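Letter by letter, the chains look like this.
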Amino acid sequence: MVRNPLYIFTFIGVVGIGLSSENLLILVLVIIYYLLYYPVTIISEEKKLTAKFGQDYIEYLKRTPRFIPKLSLYREPEKFEVKTAKFVKNFLDAMWFIWIFPVLHFIEMLQDSGILPVIWRIP
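Treat the numbers as computed from the prediction; the structure is a model and nothing was measured.

1. With respect to unusual backbone geometry
Part 1 of the argument: Phi angles above zero are rare outside glycine, and Glu-22 is one such case at about 55°.
Part 2 of the argument: Looking at where Glu-22 falls in the secondary structure, it is placed in the loop between helix 1 (5-20) and helix 2 (24-53).

2. Focus on the packing of aromatic side chains
Part 1 of the argument: Summed over all chains, the structure comprises seven aromatic pairs.
Part 2 of the argument: On the basis of an interplanar angle of 35° and a centroid distance of 5.6 Å, the ring pair of Tyr-57 and Tyr-60 is categorised as tilted. In this pair, Tyr-57 and Tyr-60 both sit in helix 3 (residues 55-63), three residues apart, roughly one turn of the helix.
Part 3 of the argument: On the accessibility criterion, Tyr-60 (27% relative accessible area) is partly exposed.

3. Some points on the packing of helix 2 against helix 3
Part 1 of the argument: Put simply, helix 2 and helix 3 touch, their axes get as near as 6 Å, and they point 135° apart. Relative to helix 3, the element helix 2 is oriented oblique. Every residue of helix 3 that contacts helix 2 at Glu-46, Leu-49, Thr-50 and Phe-53 is listed here: Gln-55, Asp-56, Tyr-57, Ile-58 and Leu-61.
Part 2 of the argument: In terms of residue class, the contact of helix 2 with helix 3 is built from five nonpolar, two polar and two charged.

4. Re the environment of Leu-104
Part 1 of the argument: Position of Leu-104 among the secondary structure elements: in helix 5 (residues 96-112).
Part 2 of the argument: Spatially, the C-alpha atoms of Leu-104 and Asn-23 are 9.8 Å apart, while their sequence positions differ by 81 residues.
Part 3 of the argument: Residues in contact with Leu-104, not counting those within four places in the same chain, are Ile-17, Ser-20, Ser-21 and Ile-26.

5. Thoughts on the pattern of salt bridges
Part 1 of the argument: Inspection of the entire model under this criterion finds four salt bridges.
Part 2 of the argument: Ionic pairing is found between Glu-46 and Arg-66, a salt bridge with its closest N-O pair at 2.6 Å. Of this pair, Glu-46 sits in helix 2 while Arg-66 sits in the loop between helix 3 and helix 4 (84-94), and the two are 20 residues apart along the sequence.
Part 3 of the argument: On the basis of relative accessibility, which here comes to 10%, the residue Glu-46 falls in the buried class.
Part 4 of the argument: Taking relative accessible area as the criterion, Arg-66 reaches 31% and is therefore assigned partly exposed.
Part 5 of the argument: Note that Lys-89 and Asp-93 form a salt bridge whose closest N and O atoms lie 2.9 Å from each other. Linking Lys-89 with Asp-93, this pair stays in helix 4, spanning four residues, or about one helical turn.
Part 6 of the argument: Under the relative-accessibility criterion, Asp-93 is labelled partly exposed at 44%.

The rules behind these values
- Within each chain, residue numbers correspond to sequence positions counted from 1 in written order.
- Reporting of local features is limited, given that this is a predicted model, to residues whose pLDDT is at least 70; pairs of side-chain atoms are given and counted only at 80 or more, and all residues count toward the totals for whole chains, interfaces and linings.
- Excluding hydrogens and water, the side-chain figures rest on all heavy atoms present in the structure.
- Secondary structure follows DSSP: runs of H or I at least 4 residues long count as helices, runs of E at least 2 residues long count as strands, and numbering of each begins at the N terminus.
- For Phe, Tyr and Trp, rings pair up if their centres lie within 6.5 Å, where Trp contributes its six-membered ring, and each pair is then called stacked (planes under 30 degrees apart), edge-to-face (over 60) or tilted (otherwise).
- When a residue's accessible area, from a 1.4 Å probe over protein chains only, is under 20% of the maximum for its type it is buried; when over 50% it is exposed; and in between it is partly exposed.
- All axes are obtained by fitting lines to C-alpha atoms, using only the stretch in contact for helices, and the reported angles, taken between N-to-C directions, cover 0 to 180 degrees.
- Roughly parallel means an angle under 35 degrees; roughly antiparallel means over 145; roughly perpendicular covers 65 to 115; every other angle is labelled oblique.
- When checking whether two residues touch, look at their non-hydrogen atoms; a contact exists if any pair is within 4.5 Å.
- All residues other than Ala, Val, Leu, Ile, Met, Phe, Trp, Tyr, Cys, Pro, Asp, Glu, Lys and Arg, Gly among them, are scored as polar; the first ten of these are nonpolar and the last four charged.
- Counted as salt bridges are all cases of a side-chain nitrogen of Lys or Arg within 4 Å of a carboxyl oxygen of Asp or Glu.

Pasting the structure below:
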């Protein structure tokens with residue numbers, strides 16, 4: 001359906017975190033970070049995969065969009081194979097999305113008490 005689903009959902013999560021911070025500066029900074037970091041990462045990965053898989057990967061690039069999912073490409077597999085160690089590692093890597101909310105609320109508490117200044121607030 002799409003070549004980089006992880007990066008799309010990372011962007012959605014980053015925007016959500018930025019919005020939940022209720023701070024325009026944080027929102028802008030996380031979007032800028034994403035836009036500077038991920039395109040370079042994606043292009044680098046595509047070069048490595050092209051070198052590794054050659055023409056098969058080039059054909060895949062032609063038919064599969066980079067960011068916007070093409071729903072007509074969806075196919076339900078009969079079963080999924082899950083490598084437990086890899087699943088746990090990726091799950092733990094994604095935990096920062098969960099931990100960021102208490103951190104942002106702690107920052108908000110410091111701002112509400114006047115300890116930390118508010119630079120910009122999203123209305």
